[in-house]
Each structure stands twice: as C-alpha cells, then as structure tokens.
Amino acid sequence: MHEMSLCEGVLQVLEDESRRQQFHKVKTVWLEIGTMSGVEVEAMRFCFDVVARNTLADGATLEIIEVPAEAWCLNCAQTVTVKQRYDACPHCGSYQLQVTRGEEMRIKELEVE
C-alpha cells in the first residue's frame with residue numbers, strides 16, 4: 001500500500017512547514033490528486049488518519065480534490081479529457097496523446113493554527 005508512504009511524505013511537508021511558518025496544529029489539509037495518479041482515495045484517507053495520530057495533524061480533516069486527466073492530441077492539436085491511459089482522442093480517434101494533467105498529487109491548501 002503506497003498510500004501509507006505518500007501520507008508519511010505529506011506529514012513530513014506539514015512538519016517542515018510548521019517550523020518554517022510557525023504553526024503548531026493542522027486543522028484541514030486539501031490535497032489535489034489526479035485521476036491517473038494511481039492513488040486510491042479511500043486508502044489515502046485511512047492512511048492519513050493513521051499517520052497523523054499523535055502529530056501536529058492529529059484530528060485534521062483530509063479534503064481530497066480529484067483532478068481530471070487531460071492530454072494533448074499530437075494529431076489534431078486539441079487538449080482533451082481522458083479517463084485512462086491509451087484512450088483515443090474523442091475528436092479525431094488518434095492514440096497519439098500526451099498526458100498533461102491528472103498524474104499529480106500536491107498539497108493545495110492548509111488550515112492551521
């Protein structure tokens with residue numbers, strides 16, 4: 001379950017930022033997770049609760065914003081929405097798509113005190 005290590009990484013960022021920005025408690029974390037990132041959202045929620053125990057994020061709410069995947073079609077030069085790798089372009093049917101969005105995971109916002 002790689003979501004556990006992802007949550008540990010998120011917690012490390014929170015701890016680093018708490019020292020840099022002088023906060024002591026995290027109330028809410030907003031994560032953007034791409035639909036093609038390979039992250040299981042429910043596993044991420046469970047792991048976050050486990051990893052956050054007895055830390056500055058203990059009891060924090062994890063809000064997940066799903067980012068739809070987009071790709072650039074090399075054939076018709078259009079940006080298109082895709083559901084999975086190797087989808088065809090909905091405009092021209094080409095399979096020459098380069099994913100440009102939807103593989104990422106990033107901390108978008110924090111509510112702290």
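Residues numbered from 1 in each chain as written. Predicted model: local features only at pLDDT ≥ 70, side-chain atom pairs only at ≥ 80, totals over all residues. Heavy atoms only, no water.

1. Brief notes about unusual backbone geometry
Peptide bonds are trans in most cases, and residues, glycine excluded, mostly fall at negative phi.
Stage number 1. Here the phi dihedral of Asn-54 falls at roughly 60 degrees; this positive angle occurs in a residue that is not glycine.
Stage number 2. Among the secondary structure elements, Asn-54 is positioned in the loop between helix 2 (41-52) and strand 2 (61-67).
Stage number 3. Assessed through its relative accessible area of 74%, Asn-54 is described here as exposed.
Stage number 4. Backbone geometry places Tyr-86, a non-glycine residue, at a positive phi of 70 degrees.
Stage number 5. Considering the arrangement of structural elements, one finds Tyr-86 in the loop between strand 4 (79-82) and strand 5 (97-101).
Stage number 6. Judged by relative accessible area, Tyr-86 falls into the exposed class, the value being 74%. (Helix = DSSP H or I, 4+ residues; strand = E, 2+ residues; numbered from the N terminus. Buried < 20%, exposed > 50% of the residue type's maximum accessible area, 1.4 Å probe, protein only.)

2. Some points on the UniProt feature "binding site: Zn(2+)" (unreviewed entry) in the chain
Stage number 1. Cross-referencing UniProt, the feature "binding site: Zn(2+)" (unreviewed entry) maps to Cys-73, Cys-76, Cys-89 and Cys-92 in the present numbering. With the annotated positions falling across 20 residues, the maximum pairwise C-alpha distance of 8.7 Å places them together in a single cluster.
Stage number 2. Along the chain, Cys-76 falls in the loop between strand 3 (69-73) and strand 4.
Stage number 3. Judged by relative accessible area, which is 24%, Cys-76 ranks as partly exposed.
Stage number 4. By secondary structure assignment, the location of Cys-92 is in the loop between strand 4 and strand 5.
Stage number 5. Of the residues examined, Cys-92 reaches a relative accessible area of 35% and is grouped as partly exposed.
Stage number 6. Filtering out sequence-adjacent residues up to four positions away, Cys-92 remains in contact with Cys-73, Asn-75 and Cys-76. (UniProt positions renumbered as here; feature names shortened; annotations may be inferred. Contact = heavy atoms within 4.5 Å.)

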